[in-house]
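Topology and contacts: notes
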Amino acid sequence: DAGVIQSPRHEVTEMGQEVTLRCKPISGHNSLFWYRQTMMRGLELLIYFNNNVPIDDSGMPEDRFSAKMPNASFSTLKIQPSEPRDSAVYFCASRVDRGNTGELFFGEGSRLTVL
Amino acid sequence: KQEVTQIPAALSVPEGENLVLNCSFTDSAIYNLQWFRQDPGKGLTSLLLIQSSQREQTSGRLNASLDKSSGRSTLYIAASQPGDSATYLCAVVTQGGSEKLVFGKGTKLTVNP
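Criteria and cut-off values
- Residues numbered from 1 in each chain as written.
- Chains lettered and ligands numbered in written order.
- Predicted model: local features only at pLDDT ≥ 70, side-chain atom pairs only at ≥ 80, totals over all residues.
- Heavy atoms only, no water.
- Helix = DSSP H or I, 4+ residues; strand = E, 2+ residues; numbered from the N terminus.
- Rg over C-alpha atoms; globule rule 2.2 N^0.38 Å.
- Buried < 20%, exposed > 50% of the residue type's maximum accessible area, 1.4 Å probe, protein only.
- Contact = heavy atoms within 4.5 Å.
- Areas by Shrake-Rupley, 256 points an atom, 1.4 Å probe, with all protein chains shown as cover.
- Pairing = 2+ DSSP bridges.
- Axes fitted to C-alpha atoms, helices over the stretch in contact; angles between N-to-C directions.
- Core = buried A, V, L, I, M, F, W, Y, C linked by side-chain atoms within 4.5 Å.
- pLDDT = per-residue confidence, 0-100.

Further remarks concern the overall build of chain B. In terms of helices and strands, chain B carries zero helices and eleven strands. Along chain B, from the amino end to the carboxyl end, the secondary structure elements read β-β-β-β-β-β-β-β-β-β-β. Scaling as 2.2 N^0.38, a compact globule of 113 residues should have a C-alpha radius of gyration of about 13 Å, and chain B matches this with 14 Å. Principal-axis analysis of the C-alpha atoms places the extent of chain B at approximately 45 × 30 × 20 Å. Within chain B, the fraction of its 113 residues that count as buried is 43%. Pairs at least 24 residues apart make up 55% of the contacts formed inside chain B by residues separated by at least 6 positions. When the accessible surface of chain B is totalled, it reaches about 5300 Å², and 48% of it is carbon and sulfur.

Let us now look at the sheet that holds strand 1 (residues 5–7) of chain A. All names here are of chain A. Strands sit in the order 1-3-8-7 across an open sheet of four strands; the sheet is antiparallel. Among the strands making up the open sheet, the edge pair consists of strand 1 and strand 7 (65–71). Neighbour-to-neighbour, the strand axes of this sheet turn through a mean angle of 15 degrees, independent of strand direction. Pairing geometry for strand 7 and strand 8 (residues 74–79), over five bridges, is antiparallel. Note that in strand 8 the partner of Lys-68 across the bridge is Thr-76.

The next subject is the nonpolar core. One finds Leu-33, Trp-35, Leu-75, Ile-77 and Tyr-88 of chain B to be the most contacted residues of the largest nonpolar core, which totals 23 residues. Elements supplying a minimum of two residues to this core: strand 3 (19–25), strand 4 (30–38), strand 5 (44–51), strand 7 (62–67), strand 8 (72–77), strand 9 (86–94) and strand 11 (107–112) of chain B. Residue contacts for Ile-77 of chain B: discarding those within four places in its chain leaves Glu-17, Asn-18, Leu-19, Leu-21, Arg-61, Leu-62, Asp-84, Tyr-88 and Leu-109 of chain B. Phe-65, Ile-79, Ala-88 and Cys-92 of chain A belong to the second largest nonpolar core, which has 21 residues in total.

Here the focus is the confidence of the model for chain A. Predicted confidence across chain A gives a mean pLDDT of 93, with 97% of residues reaching 70 or more. Strand 3 (residues 19–24) of chain A holds the highest mean pLDDT among the elements of chain A, 98, whereas strand 11 (residues 100–101) of chain A holds the lowest, 70.

Rendered as structure tokens:
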């Protein structure tokens, strides 16, 4: 299996621009997570989908952030408008949740720099 | 609210040494605990998953133990190698809420040749 695939790997943009990050989970996985990692705060959960439905979005910082999962094989995280404090590495992760909570697998991340 | 702590934040050892990394969590009602490794500039790689009903898991030179009642887990690395240098993170899934992982801040391990 190809693993969790994220794009772009690196994004440099200017403040105020729209940013869209993309994720393809592992085939057959029914839960998908978006995390953000910074030196100061470590790994923070932004949003969690199960069977394409958002279950917990309490970590989404504010209305500038939105996430969608239109089908089982694709998710997006959008920031509009972007701000310098959004600079971080954004990770997507997926797992199988059927009965037991499964092992979580991460993508390589999208490194975002907002100037 | 579940909190996960990893001490020490950084550890440096000579090659060949056996070592233990620690993870503690405040709410013992967990579904499972997972250990990850992160290399610089990379994503997280899953090392071991321990379900709440298990006490330990082993993979090669790695052994993870879980003591739910005391809210602790340890990751034992035998015969450490320079290639083991990375940041090691533990994460728990807590019962009674959304099934999300809560992460510790990690222990940065350096194994010196």
